[in-house]
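Per-entry structural report
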Amino acid sequence: MSPNSQPPAGETTVLLSQNQNHTQNHNQNHNHSHSRRSRGKGSSSSLGMWLVYAVAALAGIAVLAMAGMTLWGDHDWDPLPDADGTRLNSSSVGRFVHITDLHIDPNYVRGSTTYSQCHRLPPHSTRVSDKDGHRDTGRFGISQAKCDSPVALINATSEYLRQEWASAADFVIWTGDSGRHDNDAEIPRTFDEIIEQNRLAASAMRNAFGSHGVPVVPNIGNNDISPHNELAAPGHKRARKTFRLLADVWDGLVPKDQLATFLYGGYFARDVVDYNYKSSSSGRKRRGLTVLSLNTIYWYRANAKVGGCAAEDSPGLAQLAWIRYQMRRARQRNRDLILMGHVVPSRDNYRPTCYHGYARTVTQMVPPPPTRSAAESTADSMGKRADPDDLPRVHAQLYGHSNVDVWAFVGHEVEWLASTDPLGAARNLSTSTGSPAAPDSDGRLWWEKEVDEETGRFGSMIREIWAASTPSEELASLADSERDWALMPDDPPVEYVQTSAGLFPVPISVSSEASSSSSFLEQKALPGNFVESLLKEFERVLVKAPKQPRLGVTTISPSIIPKYVPAFRVFYYARAPSRRQWKHLPLGSLLDYDVYWANLPELNKLGKRVETSEFFQLLYRFSTVYRVGDLSVESYLHWARKLLEKKSLRKRFRALTYLNTQ
């Protein structure tokens, strides 16, 4: 490493020392930060605040303009908060923060060249210009460059969250990728470095939320492992080491009674919220929200260390079984679920058998539309239940990784998901039969049956690992059970085509029938093509929506790493019964979200003179921009339909999608 690649003195140690004095600082700033939060939620009438916001917004327009996009220009979009911002300032409304993709880079050097990934200063003989790959690589980072987040940005983000949201958030969703990208041949990334960057990220989270005891739920990203994208199956020494070291740096964030599960597979469950409500059938009840932190790397196509989700010893299949086990526990404990992960579920992101299993499992637990009868709303492949209050619901599916501000649907591939042989349709199509495998009499896959019975294939895992309060001898014995995971059966190469029988995976060698339909979130296409692919997906969903009442929605939050500008989301959800416009929604339902952003050009000019409370600004509120009343599936479908009908809305959608992207 050259001398020029050293970061400013003290930057890498700030996070580790902040925990010692954050309580005192918080007490000094509590009253001040409370007023700031109120303004951030849209209740301010201060002209000065609006002027600050306007200047920041105009600077943001310039950033987006550099990418050849127009953020607004349509008369029907007001980018400011809704005038009636107080509708969400109610004791019946809860809030949680979703933050993702920190990508901490201690090697970042202020004033460095962008072509060095912001690691080295330009030679003294080099004339500074944009053409030389040297723009204003300021204190807090640079947008639209292949550079990760400087420690100064992470420190400022942590302090902002501590001042503005520590006392207002019920819990925090943190969807991984704290390690920097391994994109500099002169400074290759090491495994120890990844763990240290996760330690810094965990310290930042504790500094932000620790004093108020706010639950922070971490997650493994594809850059939190080494090499990136590659994670061996449970029992392999590299997987055991990865899970053990992450458990150490995340100490206190993974519940002790979930440690055995995390050390086995890198996933775990955490209760985050309890609330009381009145059931129509059985009086006062206690209900709550549990977050399932999923290890999406075991389903990810780019992970060459594991196969698909068809083999009995597949780690991806085991995790699908664990989700069903957690759903059964949620029903027994009267809790609803939030699913979180790093890589968003899509047909191209996940192996076919893994996406098939995920979509089937999740859509079985998505609340049906309120127009359905009680009998219909409680009948699914996990069994019939008389009381709809007993149904555990998946209220949210929250992901990162893609660095875009967008949402998508999951589970609309109705005919394929109904098949109990996820690759049977492809094999049948190859022999020109064109029909999916016949479902079993009860509509369940073989592994769905096995996890529903403790004596089945996954019974020992339930007893020895998933239900264990502490790591057991069974877990320790995995050290002696390593195998050649490269021999694990994998899914064949496929592409998805729209056939007369529906949308199915088809082997590439026999995929000439019908039109190809790849997924959209993993494409390496230009921004315009990305949005067009997404719009085509919406079109397909709207055709299938009436046939799939349990359609799900995945939301992908923008990232802290400054691909455009650093950003994060704050979600609002129904925490108590309300007489407001969302009274028809069950408790735990998402109501709205805000997107906060940091204007890097202006912040870099101010440097250390930046007011912590002004580091992030409210960019927009979902309900205000998209004119919807809540975040139910029905609202998303309504918006998708309007999006396809109106060109100006598509222009708006495209601009907001690329707030933060690669």
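To be clear, the structure that these remarks concern was listed above.
Residues numbered from 1 in each chain as written. Predicted model: local features only at pLDDT ≥ 70, side-chain atom pairs only at ≥ 80, totals over all residues. Heavy atoms only, no water.

1. Side note on unusual backbone geometry
A negative phi angle characterises most non-glycine residues, just as the trans form characterises most peptide bonds. Keep this limit in mind: Every helix listed is a DSSP run of H or I at least four residues long, and every strand listed is a run of E at least two residues long, numbered separately from the N terminus. Burial classes: relative accessible area under 20% of the type maximum marks a residue as buried, over 50% as exposed, and values in between as partly exposed (1.4 Å probe, protein chains only).
Going from Ser226 to Pro227, the amide bond is cis rather than trans, its omega being -10°. With respect to the helices, strands and loops of the structure, Pro227 is situated in the loop between β3 (216-217) and α6 (237-249). Notably, Asn229 is not glycine yet its phi reads approximately 80°, a positive angle. Tracing the backbone shows Asn229 in the loop between β3 and α6. For Asn229, a relative accessible area of 13% gives the class buried. Positive phi outside glycine occurs at Arg627, with the angle close to 55°. Its place among the elements puts Arg627 in the loop between α18 (622-626) and α19 (633-645). Residue classification places Arg627 among the partly exposed residues on the basis of a relative accessible area of 45%.

2. Focus: the packing of aromatic side chains
Within a pair of aromatic rings, the relevant descriptors are the distance that separates the centres and the angle that separates the planes. In plain terms, the rule: A pair of Phe, Tyr and Trp rings is counted when the ring centres sit within 6.5 Å of each other, with Trp represented by its six-membered ring. The angle between the planes then sorts it: under 30 degrees is stacked, over 60 is edge-to-face, the rest tilted. When the NZ atom of lysine or the CZ atom of arginine is within 6 Å of a ring's centre and also within 35 degrees of its normal, the charge is said to sit over that ring.
On inspection of all chains with the given rule, the structure shows 36 aromatic pairs. Arranged with centres 5.3 Å apart and planes meeting at 55°, the rings of Phe571 and Tyr593 form a pair that is tilted. Here Phe571 is found in strand β15 (residues 567-574), whereas its partner Tyr593 is found in strand β16 (residues 590-597), with 22 residues between them in sequence. Each member of the pair Phe571 and Tyr593 is classed as buried. The ring of Tyr496 has Arg347 sitting right over it, with the charged end atom 5.4 Å from the ring centre.

3. Some details on the pairing of strand β14 (residues 552-556)
Where we set the bar: In this description, strands pair whenever DSSP reports at least two bridges between them.
With five of five residues buried, β14 is to be regarded as a mostly interior element. By the alternation rule, side chains of β14 split into Gly552, Thr554 and Ile556 and Val553 and Thr555, which are all buried. Note that strand β9 (residues 394-399) and β14 share two bridges and pair parallel. Along β14, the bridge assignment pairs Leu398 with Thr555. Summarising the sheet, strand β10 (residues 406-410) and β14 pair through five bridges and their orientation is antiparallel. Bridge pairing links Trp407 to Thr555 in β14.

4. Looking at the sheet that holds β16
Reading across the sheet, the six strands line up as β3-β2-β1-β15-β16-β17 and stay open at both edges, with mixed pairing between neighbours. The open sheet is flanked by β3 and β17 (617-621), the only strands paired with a single partner. In the sheet, β15 pairs with β16 via seven bridges, with the strands oriented antiparallel. Paired with Phe568 across the bridge in β16 is Tyr596.

5. Some thoughts on the state of the cysteines
One covalent bond between the sulfur atoms of two cysteine residues makes up a disulfide. Applicable threshold: Cysteine sulfur atoms are paired as a disulfide whenever they come within 2.5 Å of each other.
According to the stated counting rule, one finds two disulfides in the structure shown. Two residues share a disulfide in this structure: Cys118 and Cys147, whose sulfurs sit 2.0 Å from each other. Taking the torsion about the sulfur-sulfur bond, which here is approximately 80°, the covalent link between Cys118 and Cys147 counts as right-handed. Here Cys118, found in the loop between β1 (93-99) and α4 (151-164), pairs with Cys147, found in the loop between β1 and α4; they are 29 residues apart in sequence, far enough to count as distant. Residue Cys118 shares its accessibility class with Cys147, and that shared class is buried. Across the disulfide, Cys309 is cross-linked to Cys354 (sulfur-sulfur distance 2.1 Å).

6. What to know about the pattern of salt bridges
The condition that has to hold: For this document, the term salt bridge refers to a Lys or Arg side-chain nitrogen within 4 Å of an Asp or Glu carboxyl oxygen.
Taken as a whole and assessed by the stated rule, the structure comprises 20 salt bridges. The partner of Asp274 in a salt bridge is Arg335, with the nearest N and O atoms 2.7 Å apart. Here Asp274 is found in strand β4 (residues 268-279), whereas its partner Arg335 is found in strand β6 (residues 335-340), with 61 residues between them in sequence. Among the salt bridges present, the one from Arg324 reaches Glu448, with a minimum N-O distance of 3.6 Å. Here Arg324 is found in helix α8 (residues 315-333), whereas its partner Glu448 is found in helix α13 (residues 446-451), with 124 residues between them in sequence. Like Glu448, Arg324 is buried. When salt bridges that share partners are traced, they join Asp271, Asp274, Arg333 and Arg335 into one network.

7. So, a positive patch on the surface
Let me state the cut-off plainly: The patches described consist of residues with a relative accessible area above 30% and no salt bridge, like charges being joined within 9 Å and nonpolar side chains (Val, Leu, Ile, Met, Phe, Trp, Tyr) within 5 Å. Every accessible area reported is derived by Shrake-Rupley at a probe size of 1.4 Å, with residue values counting cover from the shown protein chains alone. The charge count includes Lys and Arg as positive and Asp and Glu as negative, but it does not include His or the ends of the chains. For the purpose of locating charges, the reference atoms are NZ of Lys, CZ of Arg, CG of Asp and CD of Glu.
Together, Lys237, Arg238, Lys241 and Arg244 line one region of the surface with positive charge. Relative to the helices and strands, Lys237 resides in helix α6.

8. Notes on the packing of α19 against helix α20 (residues 647-657)
What describes two packed helices is the angle between their axes and the distance between those same axes. Worth spelling out the cut-off: Every axis in this analysis is a line fitted to C-alpha atoms, fitted for helices over the stretch in contact. Angles between the N-to-C directions lie between 0 and 180 degrees. Note on terminology: angles under 35 degrees are roughly parallel, angles over 145 are roughly antiparallel, angles of 65 to 115 are roughly perpendicular, and the others are oblique. Contacts are residue-level and defined by heavy atoms, with any inter-residue pair within 4.5 Å sufficient. Classification used: nonpolar for Ala, Val, Leu, Ile, Met, Phe, Trp, Tyr, Cys and Pro, charged for Asp, Glu, Lys and Arg, polar for all others including Gly.
Contact geometry of α19 with α20 gives a least axis separation of 5 Å together with a crossing angle of 115°. Taken together, α19 and α20 sit at an angle that is classed as roughly perpendicular. On α20, the residues that touch Trp639, Lys642, Leu643, Leu644 and Glu645 of α19 are Lys647, Leu649, Arg650 and Phe653. Residues belonging to the contact of α19 with α20 are distributed by class as follows: five nonpolar, no polar and four charged.

9. Let's talk about the pairing of β15
With eight of its eight residues buried, β15 lies for the most part within the structure. Every second residue of β15 is oriented toward a common face, with Ala567, Arg569, Phe571 and Tyr573 on one face and Phe568, Val570, Tyr572 and Ala574 on the other, all of them buried. Of the strand pairs in this sheet, β1 and β15 are connected by six bridges, and their pairing is antiparallel. Within the sheet, the bridge partner assigned to His98 lies in β15 and is Arg569.

10. Concerning α19
The test is simple: Expected helix span is given by 1.5 Å per residue-to-residue step, counting one fewer step than there are residues.
Its 13 residues give α19 an end-to-end C-alpha distance of 19 Å, which sits within 8% of 18 Å, the value for a rise of 1.5 Å per residue. Listed in full, the buried residues belonging to α19 are Val633, Ser635, Tyr636, Leu637, Trp639, Ala640 and Leu643.

11. Details of the environment of Pro106
Here Pro106 shows up in the loop between β1 and α4. Using a relative accessible area of 18% as the deciding quantity, one classes Pro106 as buried.

12. With respect to the packing of helix α5 (residues 191-209) against α6
Basically, it comes down to this: Helix crossings are classified by the rotation of the near helix relative to the far one: an anticlockwise turn of less than a right angle makes the crossing left-handed, while a clockwise turn makes it right-handed.
At a minimum axis separation of 9 Å, α5 and α6 run at an interaxial angle of 30°. Taken together, the axes of α5 and α6 are roughly parallel relative to one another. You can see that α5 and α6 cross each other, and the crossing is right-handed. Where α5 approaches α6, its residues Phe191, Ile195, Asn198, Arg199, Ala202 and Arg206 are matched on the opposing element by Arg238, Lys241, Thr242, Leu245, Leu246 and Val249. The residue inventory of the contact of α5 with α6, partitioned by class, reads six nonpolar, two polar and four charged.

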